[in-house]
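# Chain and residue survey
Listed here are the chains, written in short residue letters.
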Amino acid sequence: MNDFDDMNAFLEPGMIVRHPSQPDWGMGQVQSVIDGRITVNFREQGKVVIVGSQIALVPVFDAG
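Keep in mind that what you see is a predicted model, and the values were worked out from it rather than measured.

## Considering the environment of Asp-24
You can see Asp-24 is positioned in the loop between β1 (16-18) and β2 (28-34). Given the relative accessible area of 55%, Asp-24 is considered exposed.

## What to know about the nonpolar core
If you look at the biggest cluster of nonpolar residues, it comprises eleven residues: Leu-11, Met-15, Val-17, Trp-25, Val-30, Ile-38, Val-40, Phe-42, Val-48, Ile-50 and Leu-57. Those elements that place two or more of their residues in this core are β3 (37-42) and β4 (46-51). Ignoring any residue separated from it by four or fewer positions in sequence, one finds Met-15 in contact with Phe-10, Gly-28, Gln-29 and Val-30.

Calculation rules
- Residues numbered from 1 in each chain as written.
- Predicted model: local features only at pLDDT ≥ 70, side-chain atom pairs only at ≥ 80, totals over all residues.
- Heavy atoms only, no water.
- Helix = DSSP H or I, 4+ residues; strand = E, 2+ residues; numbered from the N terminus.
- Buried < 20%, exposed > 50% of the residue type's maximum accessible area, 1.4 Å probe, protein only.
- Core = buried A, V, L, I, M, F, W, Y, C linked by side-chain atoms within 4.5 Å.
- Contact = heavy atoms within 4.5 Å.

By themselves, these observations are geometric and do not establish any function.
What follows is the structure, encoded as structure tokens:
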């Protein structure tokens, strides 16, 4: 397990996140987290599966 695994370990369905290198995708809602794969439905990109060991998603706490 590396640092990225730890950084995404807290993610759970329903949380709002941003992709750190794809700001044009907008905010996304975590759909599932299974075996290090995070499925996120982004506002501008649609559903994307992120490999948690390669990308550290950024949580959004002020999405309201």
